[in-house]
Structure formats: structure tokens, C-alpha cells
Amino acid sequence: MEPGNQTGISEFILLGLSEEVLLQPLLFWIFLFMYLVTFTGNLLIILAIITDSHLHTPMYFFLFNLSFSDMCFTSTTIPKMLWNIQIQSQVITYQGCIVQMYFFMLFGILDNILLTVMAYDRFAAICHPLQYMIIMNPKFCDLLLLTSWLVSVLDSLLHGLMILRLSFCTKLEIHYFFCELYEVVQLACSDTFLNDLMIYFASGVLVIVPLTGILFSYSKIVSSILKISSTRGKYKAFSTCVSHLSTVSLFYGTSLGVYLSSDSTQNSRATEVASVMYTVVTPMLNPFIYSLKNKDIKQALKTLFSRETFSV
């Protein structure tokens with residue numbers, strides 16, 4: 001890192017996935033396709049839930065919010081990447097970087113917490129079926145959603161404000177296609193001890209607590225399913241969890257892959273691939289997971305398309 005302190009920096013350089021000029025058009029069309037699939041898929045899930053009264057239940061209430069969060073999550077990074085490729089630039093302004101980091105963290109954390117809440121919803125449905133609607137009443141669901149948003153907003157805001165106290169050096173290259181918190185902190189010339197402490201503490205709490213909640217919920221779910229006498233009953237109970245379990249595995253597998261690969265290797269290529277999986281591929285696959293493995297969503301989508309066809 002070059003010496004020289006600049007407190008009034010105006011921009012960062014996003015190195016992206018490749019600096020090869022010939023690869024840029026290919027990357028543009030690949031990421032445009034994935035973004036459109038992600039946005040359209042999640043939008044269809046949202047419309048299906050809104051239009052089908054049978055899906056107005058706690059489980060689909062949280063799925064609605066997860067789909068909305070996924071749309072916003074990818075929208076924080078991909079449009080800027082596509083724009084930079086189109087105008088052949090790698091620049092993002094200082095203000096734009098701070099805003100991108102804030103919303104990227106907000107919707108990433110929101111995804112994480114919503115997946116935990118959805119695990120609790122499945123726990124209540126399978127382990128306490130008779131009390132399910134009492135436990136997951138509308139007021140409690142609203143409270144869970146509000147808490148999820150508050151934690152996400154406050155944590156992201158705290159990180160963003162702590163970035164503003166830093167001064168940066170003359171080398172401002174970020175080895176991602178978006179402004180990633182840890183990468184930006186590492187570019188600072190000033191003392192980053194408090195920022196590093198906050199990153200590790202918040203990451204620990206916001207990973208360990210939700211993951212523990214998910215594992216606890218599924219340990220209880222598995223225990224309850226094993227007590228069901230009929231094979232058909234076991235299959236029916238477990239089938240309601242398959243989509244969520246698949247999404248959780250994708251989310252944690254790819255997000256942990258980003259940070260494990262960045263810590264374990266000096267080669268940024270593995271980290272770049274993991275970051276694409278985390279930021280683009282997982283949100284893109286979620287609508288397919290829920291539509292292919294969920295009969296209710298399938299039926300709602302069929303009804304939605306039949307209404308559109310009839311109206312045309």
C-alpha cells in the first residue's frame with residue numbers, strides 16, 4: 001500500500017471479475033441474463049403470493065419478504081457492474097461505494113435473519129401443529145419482520161458510519177465487482193482496530209445466533225418427524241421443509257465460501273467465484289427452488305399465468 005493519506009478521496013476502483021477487454025461483453029450478457037432471471041423469478045413469487053389467498057399464511061408471508069429482499073440484494077451490485085462494463089469504466093464514487101455497502105449489508109443481513117425466522121415457522125408448524133396459528137399469529141409475524149428489518153438497518157448503519165471516520169491511502173483498488181466492507185476497511189490508512197473489531201463481532205453474532213437457531217429448529221423438526229408412524233406422514237412433513245433447507249444450504253454455503261476463500265488464499269480468483277455464487281447465483285436459484293419443490297407455489301403460478309393469458 002502506498003503511503004500518503006487522502007481524507008477527501010472521491011472514488012474507488014472496482015477491479016471486477018476480469019480486466020480482459022475481450023471478456024467484458026460476455027460478462028455483460030451473462031450477468032444481465034442472471035439479473036433478469038433473478039428479478040423476474042422473485043417478482044413472480046411475490047405476485048403469486050399476493051394474488052392467491054391460499055398463500056396468505058405465515059410461511060408465505062416470510063417467503064414474500066425473502067423474495068423482495070433477494071431482488072433488492074442483487075440490485076445493489078449488478079446494475080452498477082453492468083453500467084461500468086457498458087461505459088468501460090471501473091470507477092465507483094466514494095459516496096456511491098458507501099451507499100452500495102450499506103444496502104448490500106442491509107439486504108444480506110435481512111436474508112440471513114428471514115431464513116432463521118422461516119426455520120422457526122417450520123418448527124412451529126411441524127412440532128406444534130395444533131397451536132401453529134396461535135403461535136404464528138399476524139401480530140407476532142409482523143413483530144418478527146419488524147425486528148428483522150431493525151437489526152439489519154441498525155447493523156448496516158453502524159458499519160457505514162464507522163467507515164466515514166476512516167481516511168484512505170492513494171491505492172484504492174477493490175478486488176471485487178462491488179464495494180465489500182472488509183476490502184474497503186483494508187484500504188484505510190488510519191487505525192482500523194474498531195472497524196475490524198465491529199466486523200468480527202457483528203459477523204460472529206449475525207452468523208452464529210441465526211445458524212444456531214436454524215440448527216436447533218431442524219433438530220426439533222427431525223425429532224418430531226421420526227415420531228410420526230406412517231411413512232407418508234413423514235414424507236409430507238419433511239417435504240414442507242425441503243425448499244427452505246435447500247435455500248439455507250445455498251445461502252450459508254456460498255456466504256461462508258466467500259470469507260473462507262478470502263482468508264485461506266492469496267489468489268483472489270476463488271474469492272471472486274465465491275462472491276458471484278453468494279451475490280448472484282443464490283438469489284437467482286431461490287425462486288426455482290420454491291417453485292419446483294412447492295406444489296402451492298406451482299399452482300399459484302399456473303393460476304397467475306392463466307389469468308394473464310385470459311386478460312390478454
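Our subject is the structure that appears above.
As a starting point, this report considers the structure included with it. (Residues numbered from 1 in each chain as written. Predicted model: local features only at pLDDT ≥ 70, side-chain atom pairs only at ≥ 80, totals over all residues. Heavy atoms only, no water.)

1. Considerations on the nonpolar core
Alright, step 1. Within the largest apolar cluster, 87 residues are counted, with the highest numbers of intra-cluster contacts made by Phe12, Phe31 and Phe168.
Alright, step 2. In terms of residues, this core owes the most to one element, helix α4 (residues 94-127), which gives 22 residues.
Alright, step 3. Each residue touching Phe31, except ones within four places of it in the same chain, is listed here: Leu17, Ile78, Met81, Leu82, Val276 and Val280. (Core = buried A, V, L, I, M, F, W, Y, C linked by side-chain atoms within 4.5 Å. Buried < 20%, exposed > 50% of the residue type's maximum accessible area, 1.4 Å probe, protein only. Helix = DSSP H or I, 4+ residues; strand = E, 2+ residues; numbered from the N terminus. Contact = heavy atoms within 4.5 Å.)

2. Some remarks on the state of the cysteines
Alright, step 1. In total, this model carries 1 disulfide according to the counting rule given.
Alright, step 2. With a sulfur-sulfur separation of 2.1 Å, Cys97 is cross-linked through a disulfide to Cys179. Taking the torsion about the sulfur-sulfur bond, which here is approximately -125°, the covalent link between Cys97 and Cys179 counts as left-handed. Of this pair, Cys97 sits in helix α4 while Cys179 sits in the loop between β5 (173-174) and α7 (181-186), placing them 82 residues apart in sequence. The pair formed by Cys97 and Cys179 is uniform in burial state, with each residue classed as buried.
Alright, step 3. As a non-bridged cysteine, Cys72 has Cys179 as the owner of its nearest cysteine sulfur, 18 Å distant.
Alright, step 4. Residue classification places Cys72 among the buried positions, given a relative accessible area of 17%.
Alright, step 5. As a non-bridged cysteine, Cys141 has Cys241 as the owner of its nearest cysteine sulfur, 16 Å distant. (Disulfide = S-S within 2.5 Å.)

3. Details of a positive patch on the surface
Alright, step 1. Taken together, the side chains of Arg232, Lys236, Lys295, Lys298 and Lys302 make up a positively charged region of the molecular surface.
Alright, step 2. Looking at the positive patch element by element, the count peaks at 3 residues for helix α11 (residues 295-311).
Alright, step 3. Counting through the fold element by element, Arg232 comes out in helix α9 (residues 231-264).
Alright, step 4. Residue Arg232 is classed as exposed on the basis of its relative accessible area, which comes to 74%. (Patch = residues over 30% accessible without salt bridge, like charges linked within 9 Å, V, L, I, M, F, W, Y side chains within 5 Å. Areas by Shrake-Rupley, 256 points an atom, 1.4 Å probe, with all protein chains shown as cover. Salt bridge = Lys/Arg side-chain N within 4 Å of Asp/Glu carboxyl O. Lys, Arg positive; Asp, Glu negative; His and termini not counted. Charge placed at Lys NZ, Arg CZ, Asp CG, Glu CD.)

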